[in-house]
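An overview of the molecular structure
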Amino acid sequence: MKRLVLILMLCAAPISAMAHKVLLSVFPSGDVIEGEIGFSNGVMAVDQLVTVTGPDGAVLGETKTDADGFFLFRPELPVTHIFRGDLGAGHVAEVTMPAQEVATILGKPRPASDTASTSGAVAPTNGTTTTASLTAEERAVIAAAVRDEIRPLRREMAATREHYDLQSVLGGMGYIFGLFGLGFYLAARRKLAA
């Protein structure tokens, strides 16, 4: 009878659900801001609305994700852009692109607070081609090629990071120790009964 109760207690023990986070990332891509939104387990948000607001909370625009969870947004003002995606059921993500990066995308001068950090930069003089010497079309082609190559890598990295997090590892170790303890308990009971 005690064994039956023990087995029922183990079967009725709560098993933690596999939690996942919403991941939202943005980055400059030529003259637009590209981003992606999805869950940390690798499932991407399809046809999802992403709202873009400024630092004052005013809506700067909206965009939708494509079949791969990616979206494009063309900025108009060199202000901080806040991207927000709500996938429902409490799955909300928000990410910010600073005004300096948006100004660079628009080809406008960076704010004075940012020029001090780049004043020590030296242009290459070893005969290499800089991005300034490329035409806008060449830069767009290069950006599209790099973007297409990096997409699967970013998705795979996010899924791997979530799959092998510390909580999962510690939880697995706890189950192993629990099973060993149960085995030792049953072995001790058999030894005492004999």
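Let me sum up the structure you'll find in this document. Residues take numbers from 1 onward in each chain, read along the sequence in its written order. Selection of residues for local features in this predicted model requires a pLDDT of at least 70, selection of side-chain atom pairs for listing and counting requires 80 or more, and totals for whole chains, interfaces and linings are taken over all residues. Side-chain metrics rest on all non-hydrogen atoms present in the structure, leaving aside hydrogens and water.

**Things to note about the nonpolar core**
Nine residue types can take part in a nonpolar core, namely buried Ala, Val, Leu, Ile, Met, Phe, Trp, Tyr and Cys, and a core is a set of them joined through side-chain atoms within 4.5 Å. The buried label goes to any residue with under 20% of its type's maximum accessible area, the exposed label to any with over 50%, and the partly exposed label to all in between, with areas taken from a 1.4 Å probe on protein chains only. Leu24, Val26, Ile33, Phe83 and Met97 are the most contacted members of the largest nonpolar core, which has 18 residues in total. Elements are defined by DSSP. Helices are runs of H or I of four residues or more, strands are runs of E of two residues or more, and each kind is numbered from the N terminus. Every element with two or more residues in this core is listed here: β1 (22–29), β2 (32–39), β3 (49–53), β5 (70–73), β7 (92–97) and α2 (99–106). Throughout, a residue-residue contact means that at least one pair of heavy atoms, one from each residue, lies within 4.5 Å. The residues contacting Phe83, other than those within four sequence positions of it, are Leu24, Val26, Ile33, Val50, Thr51, Val52, Phe71, Phe73, Ala93, Glu94, Val95 and Met97.

**Quick look at unusual backbone geometry**
Of note, the phi angle at Asp47 is positive, near 55°, even though the residue is not glycine. Looking at the secondary structure, you find Asp47 in the loop between β2 and β3.

**Here's the deal with the packing of aromatic side chains**
Pairing of aromatic rings covers Phe, Tyr and Trp, the last through its six-membered ring, and needs centres within 6.5 Å; plane angles under 30 degrees mean stacked, over 60 mean edge-to-face, and all others mean tilted. As enumerated under the stated definition, the model contains two aromatic pairs in all. Centre to centre, the rings of Phe71 and Phe83 are 6.0 Å apart; their planes meet at 35°, and the pair counts as tilted. Taken together, the positions of Phe71 in strand β5 and Phe83 in strand β6 (residues 81–86) put the pair twelve residues apart, joining distant regions of the chain. According to the relative accessible area criterion, Phe71 is buried, its value standing at 2%. On the basis of an interplanar angle of 90° and a centroid distance of 6.0 Å, the ring pair of Phe73 and Phe83 is categorised as edge-to-face. Note that Phe73 is positioned in strand β5 and Phe83 in strand β6, a separation of ten residues in sequence. Of the two residues examined, Phe73 and Phe83, each falls in the buried class. Taken together, the aromatic side chains of Phe71, Phe73 and Phe83 make up a single cluster linked through ring pairs.

**Quick notes on α2**
Where α2 is concerned, the buried positions are Ala99, Val102, Ala103 and Ile105. Down the axis of α2, the buried side of the element spans an arc of 160°, and every buried residue falls inside it. Looking one or two residues beyond α2, the residue adopting positive phi is Gly107, at roughly 75°. As used here, the arc belongs to the directions running from the helix axis to the C-beta atoms.

Structural measurements only, silent on function.
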